[in-house]
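Residue-level structural notes
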Amino acid sequence: MIATDAREQVSPTRARLLRVVGSLVLGVVVGLLASYLLAVAVTAPILPGAFVIHPVSLLLTAGIAALSIVVGWRWPVIGLTAGIVVLVLVAFALTGLGWSRSDWASPFNAVAYGAWSAYPTMLGAVLVTVSALRLRSRRTR
């Protein structure tokens, strides 16, 4: 739709602000979702058999890690925000939340899982590092 009135046009500054705020909100959602999916992938009740960790859990974890790298590289603001959210959740979980392996699908249990495992910390660090490298490479061009 073409704006015919000056009042209907959005200024470039306001459009940029809306885009940045939208990216930050989307980054928070991606961070919460990534943390939850990672906790579910690792703690899902899959019998390990002869393995310490079932290969399906490892594949799911690798898939989430690969997607986090793609998000951090393609959309660095979203990836940086998501990484910070994951690391804040881990720091919050270190305050003494209890974790139960039997309640593997609970989002609150996924937050508590961050205190007992290095996976969420690594996920947050990867998101922050990849996003920062991408933002730095954009700035040097």
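Reference entry: report on the structure contained in this document.

**Digging into the overall build of the chain**
For the chain, the count of helices and strands is five helices and zero strands. Per-residue burial for the chain yields a buried fraction of 31% across its 141 residues. Counting contacts in the chain only where the partners sit at least 6 residues apart, residues at least 24 apart contribute 70% of the total.

**Description of the side chain of T81**
Mapped onto the secondary structure, T81 falls in helix α3 (residues 76–93). Not counting chain neighbours up to four residues away, the residues in contact with T81 comprise L24, G27 and V28.

**Quick word on the nonpolar core**
By size, the foremost hydrophobic cluster in this structure holds twelve residues: A34, L38, A39, A41, V42, I64, A82, V86, A110, Y113, L123 and L127. At the level of secondary structure, the elements contributing two or more residues to this core comprise α1 (12–43), α3, α4 (107–116) and α5 (119–140). Counting residues per element, this core draws most heavily on α1, at five residues. What A41 contacts, discounting residues up to four positions off in sequence, is S57, L60, T61 and I64.

**Remarks on the packing of α1 against α3**
Close contact between α1 and α3 brings their axes to 7 Å; oriented N to C, the two are set at 50°. Relative to α3, α1 is oriented oblique. Note on packing geometry: the crossing formed by α1 with α3 is right-handed. Where α1 abuts α3, its residues S23, L24, L26, G27, V28, V30, G31, L32 and S35 lie against V77, I78, T81, A82, V85, V86 and L89. Looking at the contact of α1 with α3 residue by residue, the class counts come to eleven nonpolar, five polar and no charged.

**Some thoughts on α3**
For α3, with 18 residues, the first-to-last C-alpha span of 25 Å sits near the 26 Å given by 1.5 Å per residue. By the burial criterion, the buried members of α3 are P76, I78, G79, T81, A82, G83, V85, V86, L89, V90 and A93.

**Examining the side chain of S57**
As for its placement among the helices and strands, S57 is situated in helix α2 (residues 55–74). The class for S57 is buried, based on a relative accessible area of 3%. Among residues more than four places away in sequence, those in contact with S57 are A41, V42 and I46.

**Here we look at a nonpolar patch on the surface**
The grouping of L17, V21, V25, L26 and V29 at the surface amounts to a nonpolar patch, some 430 Å² of accessible area in total. Along the chain, the position of V29 falls in helix α1. For V29, a relative accessible area of 45% corresponds to the partly exposed category.

**Focus: α2**
Across its 20 residues, α2 extends 28 Å between first and last C-alpha, which sits within 8% of the 28 Å expected from 1.5 Å per residue. Of all the residues in α2, the buried ones are S57, T61, I64, S68, V71 and G72. In a view along the axis of α2, the buried residues occupy a sector of 95°, so they form one face of it. Exposed side of α2, more than 90 degrees from the buried face: L59 and L67 are the residues found there.

Reading guide: rules and limits
- Residues numbered from 1 in each chain as written.
- Predicted model: local features only at pLDDT ≥ 70, side-chain atom pairs only at ≥ 80, totals over all residues.
- Heavy atoms only, no water.
- Helix = DSSP H or I, 4+ residues; strand = E, 2+ residues; numbered from the N terminus.
- Buried < 20%, exposed > 50% of the residue type's maximum accessible area, 1.4 Å probe, protein only.
- Contact = heavy atoms within 4.5 Å.
- Core = buried A, V, L, I, M, F, W, Y, C linked by side-chain atoms within 4.5 Å.
- Axes fitted to C-alpha atoms, helices over the stretch in contact; angles between N-to-C directions.
- Parallel < 35°, antiparallel > 145°, perpendicular 65-115°, else oblique.
- Left-handed = near helix turned anticlockwise from the far one by under 90°.
- Nonpolar A, V, L, I, M, F, W, Y, C, P; charged D, E, K, R; others polar.
- Expected span 1.5 Å × (residues − 1).
- Patch = residues over 30% accessible without salt bridge, like charges linked within 9 Å, V, L, I, M, F, W, Y side chains within 5 Å.
- Areas by Shrake-Rupley, 256 points an atom, 1.4 Å probe, with all protein chains shown as cover.
- Salt bridge = Lys/Arg side-chain N within 4 Å of Asp/Glu carboxyl O.
- Arc of directions from axis to C-beta.

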